[in-house]
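Below, each chain spelled out in residue letters.
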Amino acid sequence: MRRTEVRLLTLTGPGGVGKTRLALRVAEDQAADFADGVYVLKLVAGGPANAKVAERLFLSPRTVNAHLNSIYGKLGFNSRVEATRFAVEQNLL
C-alpha cells in the first residue's frame, strides 16, 4: 500500500473469510500514512452521489453501486442512511 503506483487494492475471496475485517484493519493501520486519509465509510456517509464517489476513487458509478450493495448486504443494511447511522453509533466517523 505504500508503493506510489498503488492506488486501489481489491480483496477477493469467498464469503465469511474476513475480507471486510482485513480491509478495515488495513485502512486503520494505513490512515496516518496518507495525506487524504483512507476513505471507506466516510465517502458513503458524506452523501455524494455514486458518480462523485466513483470519480474520487477512479471507478465507474456502476462499480461503486455494486460495492455499496455488497457492503449493505453483508452488514444487513438497505441504504446509506443505515450505514451512516451504524458508523456514528460505532464511533467510526
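Summarised in this report is the structure supplied together with it. (Residues numbered from 1 in each chain as written. Predicted model: local features only at pLDDT ≥ 70, side-chain atom pairs only at ≥ 80, totals over all residues. Heavy atoms only, no water.)

## Quick notes on the overall build of the protein chain
From N to C terminus, the protein chain includes five helices and zero strands. Traced from its N-terminal end to its C-terminal end, the protein chain shows the element sequence α-α-α-α-α. In the protein chain, which comprises 93 residues, the share counted as buried stands at 17%. Contacts spanning at least 24 positions in sequence make up 42% of the contacts within the protein chain whose residues lie at least 6 apart. Of the accessible surface of the protein chain, which amounts to about 7,000 Å², a share of 54% is contributed by carbon and sulfur atoms. (Helix = DSSP H or I, 4+ residues; strand = E, 2+ residues; numbered from the N terminus. Buried < 20%, exposed > 50% of the residue type's maximum accessible area, 1.4 Å probe, protein only. Contact = heavy atoms within 4.5 Å. Areas by Shrake-Rupley, 256 points an atom, 1.4 Å probe, with all protein chains shown as cover.)

## With respect to the packing of helix 3 (residues 50-57) against helix 4 (residues 61-75)
Interaxial distance between helix 3 and helix 4 falls to 8 Å at its minimum, and their mutual angle equals 105°. Classified by the interaxial angle, the pair formed by helix 3 and helix 4 is roughly perpendicular. Where helix 3 approaches helix 4, its residues Asn50, Ala51, Val53 and Ala54 are matched on the opposing element by Pro61, Val64, Asn65 and Leu68. When grouped by side-chain class, the residues that make up the contact of helix 3 with helix 4 number six nonpolar, two polar and no charged. (Axes fitted to C-alpha atoms, helices over the stretch in contact; angles between N-to-C directions. Parallel < 35°, antiparallel > 145°, perpendicular 65-115°, else oblique. Nonpolar A, V, L, I, M, F, W, Y, C, P; charged D, E, K, R; others polar.)

## Some remarks on the side chain of lysine 19
Summarising the element assignment, lysine 19 is placed in helix 1 (residues 19-30). Judged by its relative accessible area of 15%, lysine 19 falls in the buried class. Within the structure, the side chain of lysine 19 is placed 3.0 Å from the backbone oxygen of glycine 13, a separation counted as a polar contact. If near-sequence neighbours (up to four positions away) are discounted, lysine 19 is found in contact with Leu11, Thr12, Gly13, Pro14 and Lys74. (Polar contact = N/O pair within 3.5 Å; in protein donor to acceptor, adjacent residues only side chain to side chain.)

## Quick look at the environment of lysine 74
Relative to the assigned elements, lysine 74 resides in helix 4. On a C-alpha basis, the gap between lysine 74 and glycine 15 in space is 9.1 Å, while along the polypeptide they are 59 residues apart.

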